[in-house]
Amino acid sequence: ETNPSFFSFLSSQTKEGRRLTIMTTVATTPFKASRVSSSSSVTRVVRSSSLSSSSFRRTTTNNNNFEVLRSGRRRRTNKPISLSSRFSKPKTTVNAAEGSPTSSTSQQQPQPAFIPAHERQTLSKIPPEQLASGGMQLSAQNEDFKVSFRRFLAYEFMSMDETYDETKISVLNLDPPIFTVEEFISEQECDNLVLAAKTSGGLKVSAIGGGAANENIRTSKTVALNSHGLENHASKKAILASAEKLLPDIRGLSTKKNAFKAPAGGKSEWAFELPQVAHYSGGEYFKKHEDAFPIGIATEKGYQRRATVLVYLNDVPNGGVTRFEYLDLDVQPKKGKCLVFFPASVAAMPDPRTLHTATEAENGCEKWVSQLWVSHSTPPASAGNSDNSASAGQPADVAPKKLNRAQRRIQEREEAKAARKKK
């Protein structure tokens, strides 16, 4: 057995002329295998090039700071790791945490390129003893950690309110970020919502897209909170209000007329997908899945699921956990507790590391949960070709804008379909 120890992962980014320092105490887990040292003291999980549970294995690596390069290789360093090279680095910067200037020298090594969440080849976990005790309570962490964690969320996912009661928030995983919130709604509000869902007559076997490939992936029953007398239920309003309080990007959203209207692609609109209540009887499940849409579907819809807010409405003594397949993380349902994670990044790209399963509740047990997804518009599309540019009144010799990764994937699929039709 190894005695896990953890090192300080110091990262920084320069944005709008300010140095934002991001410091967290983590064990960074490379997805790709690396050289093993016999003197290692840190246990990490590594992965081959494809995301599958069978591709995971355990290894140990030295307790040092490493730069994780885009190639997946690691390089030992004693310097901070830059989160982004897209911004020019000023000669003199200010540490946001301390307010003191720092000067860069010509001897400083170049920083590795920024790797977005959906391409990141690492998992950053909390110490196992803290996970076993329920996670890292935010209020018990030092100020550097709290500031850094919030900045990390705001930069790549969604902001977390700085005034929210930190004693109720427990961090279960750092990257991808996953945390729980105790007493998200009251026990009485949980009981009222369960009773209303039971008596509504609207509970039906849950539907899921994907056709025959997804048959039998889910056996639970659901009811949407927009019918059967549940439209204005007080517990539904309580869930929305707590979500808005926790995530300031959507503050006031529930009071808007388009709160539940699908966001338009290319804009900057937030929306709730209609919240629903799901019921799992003993033995029922929802097999491993991602909440984010594949990028092609998200582009067609014009929006992507950016946050999952899962509220447990009852205690489940045996089974029924929410299991994150790549993180060795099980979350046990507890009445009133909320589980928050981010299935897609600010780039609207799915983060495959959030793959999860609703495991079976044991016979004689049942599980009630309310699901709320927060969605946002997909980024605007660039001009695809010079003909389109010319028709828009631009000179024909102007080069078209470079397509982003998502748009290239869509274009490649369309070209492949057209080629098959020709054959």
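Residues numbered from 1 in each chain as written. Predicted model: local features only at pLDDT ≥ 70, side-chain atom pairs only at ≥ 80, totals over all residues. Heavy atoms only, no water.

Caption draft 1: Structural detail: the overall build of the protein chain. Looking only at helices and strands, the protein chain features seven helices and 24 strands. In the protein chain, buried positions account for 48% of the 423 residues. Nonlocal contacts in the protein chain, meaning residues at least 24 apart in sequence, comprise 68% of its contacts between residues at least 6 apart. Entry remark: accessible area of the protein chain is about 21000 Å², with carbon and sulfur atoms responsible for 48%. (Helix = DSSP H or I, 4+ residues; strand = E, 2+ residues; numbered from the N terminus. Buried < 20%, exposed > 50% of the residue type's maximum accessible area, 1.4 Å probe, protein only. Contact = heavy atoms within 4.5 Å. Areas by Shrake-Rupley, 256 points an atom, 1.4 Å probe, with all protein chains shown as cover.)

Caption draft 2: Structural detail: the sheet that holds strand β21 (residues 329-331). With antiparallel pairing, four strands are arranged side by side in an open sheet as β18-β23-β20-β21. Each having just a single partner strand, β18 (286-289) and β21 make up the two edges of the open sheet. For this sheet, the mean angle separating the axes of adjacent strands, direction not counted, is 15 degrees. Here strand β20 (residues 322-324) runs beside β21; their pairing, made up of three bridges, is antiparallel. (Pairing = 2+ DSSP bridges. Axes fitted to C-alpha atoms, helices over the stretch in contact; angles between N-to-C directions.)

Caption draft 3: Quick look at the packing of helix α3 (residues 187-200) against helix α4 (residues 234-246). Between α3 and α4, the least distance of the axes is 8 Å, while the angle of their chain directions is 130 degrees. One element, α3, and the other, α4, form an angle in the oblique class. At the point where α3 passes α4, the crossing takes the left-handed sense. Touching Glu-189, Asn-192 and Leu-193 of α3 are Ser-235, Ala-238 and Ile-239, all from α4. Of the residues contributing to the contact of α3 with α4, the split by class is three nonpolar, two polar and one charged. (Parallel < 35°, antiparallel > 145°, perpendicular 65-115°, else oblique. Left-handed = near helix turned anticlockwise from the far one by under 90°. Nonpolar A, V, L, I, M, F, W, Y, C, P; charged D, E, K, R; others polar.)

Caption draft 4: Structural detail: the packing of aromatic side chains. Inspection of the entire model under this criterion finds seven aromatic pairs. Judged by centre distance (6.0 Å) and plane angle (5 degrees), the rings of Phe-145 and Phe-149 are stacked. Of this pair, Phe-145 and Phe-149 are both found in helix α2 (residues 143-156), four residues apart, which corresponds to roughly one turn of the helix. Accessibility classification places Phe-145 together with Phe-149 in one group, the buried group. Three or more aromatic residues link up through ring pairs in this structure, and these residues are Phe-152, Phe-157, Phe-179 and Phe-342. Stacked on the ring of Phe-260, the Lys or Arg Lys-236 has its end atom at 5.2 Å from the ring centre. Here Lys-367 stacks its cationic end above the ring of Tyr-280, 5.0 Å away from the centre of that ring. (Phe/Tyr/Trp six-rings, centres within 6.5 Å; stacked < 30°, edge-to-face > 60°. Lys NZ or Arg CZ within 6 Å of the ring centre and 35° of its normal.)

Caption draft 5: Expanded view of the environment of Arg-306. Structurally, Arg-306 can be placed in strand β19 (residues 303-312). Note: C-alpha distance between Arg-306 and Ser-377 (71 residues apart in sequence) is 9.6 Å. In this structure Arg-306 touches Phe-157, Met-158, Trp-270, Phe-342, Pro-343, Ala-344, Ser-345, Val-346, Val-374, Ser-375 and His-376, once residues within four positions along its chain are discounted. Looking at Arg-306, its side chain comes within polar contact range of the main-chain oxygen of Ser-345, at 3.3 Å. (Polar contact = N/O pair within 3.5 Å; in protein donor to acceptor, adjacent residues only side chain to side chain.)

Caption draft 6: Structural detail: the pattern of salt bridges. Scanning the entire structure with this criterion turns up 15 salt bridges. Ionic pairing is found between Arg-150 and Glu-166, a salt bridge with its closest N-O pair at 2.9 Å. With Arg-150 in helix α2 and Glu-166 in the loop between α2 and β12 (169-175), this pair connects stretches of sequence that are 16 residues apart. By the burial criterion, Arg-150 is buried, and Glu-166 matches it. (Salt bridge = Lys/Arg side-chain N within 4 Å of Asp/Glu carboxyl O.)

Caption draft 7: Main features of the pairing of strand β15 (residues 221-224). Sheet topology note: the strand β14 (residues 204-205)/β15 ladder contains two bridges and is antiparallel. Residue pairing for β15: Val-205 is matched across the bridge by Lys-221.

Caption draft 8: Expanded view of unusual backbone geometry. For the peptide bond that leads from Asp-175 to Pro-176, omega is 5 degrees, which places it in the cis range. Inspection of the secondary structure puts Pro-176 in the loop between β12 and β13 (178-181). Despite not being glycine, His-228 has its phi angle at roughly 55 degrees, a positive value. With relative accessibility at 43%, the residue His-228 sits in the partly exposed group. In this structure, Asp-328 takes a positive phi of about 55 degrees despite not being glycine. Structurally, the position occupied by Asp-328 is in the loop between β20 and β21. On the basis of relative accessible area, Asp-328 is assigned to the partly exposed category, the value being 48%.

Caption draft 9: The arrangement of the pairing of β19 in detail. For β19, the tally of buried residues reaches 10 of 10 residues, placing the bulk of the element in the interior. One ladder, built from nine bridges, connects β19 with strand β24 (residues 367-377); its direction is antiparallel. Across the sheet, the residue bridging to Val-311 is Ser-370, located in β24. Of the pairings in the sheet, the one linking β19 to strand β22 (residues 338-341) comprises four bridges and is antiparallel in character. Among the inter-strand pairings, Thr-308 is bridged to a residue of β22, identified as Phe-341.

Caption draft 10: Representation of the side chain of Gln-276. With respect to the element layout, Gln-276 can be found in strand β17 (residues 276-280). Those residues in contact with Gln-276, other than ones at most four positions away along the chain, are Arg-218, Thr-222, Val-223, Ala-224, Leu-225, Val-369, Ser-370, Gln-371 and Trp-373.

Function cannot be inferred from these measures alone, as they are strictly geometric.
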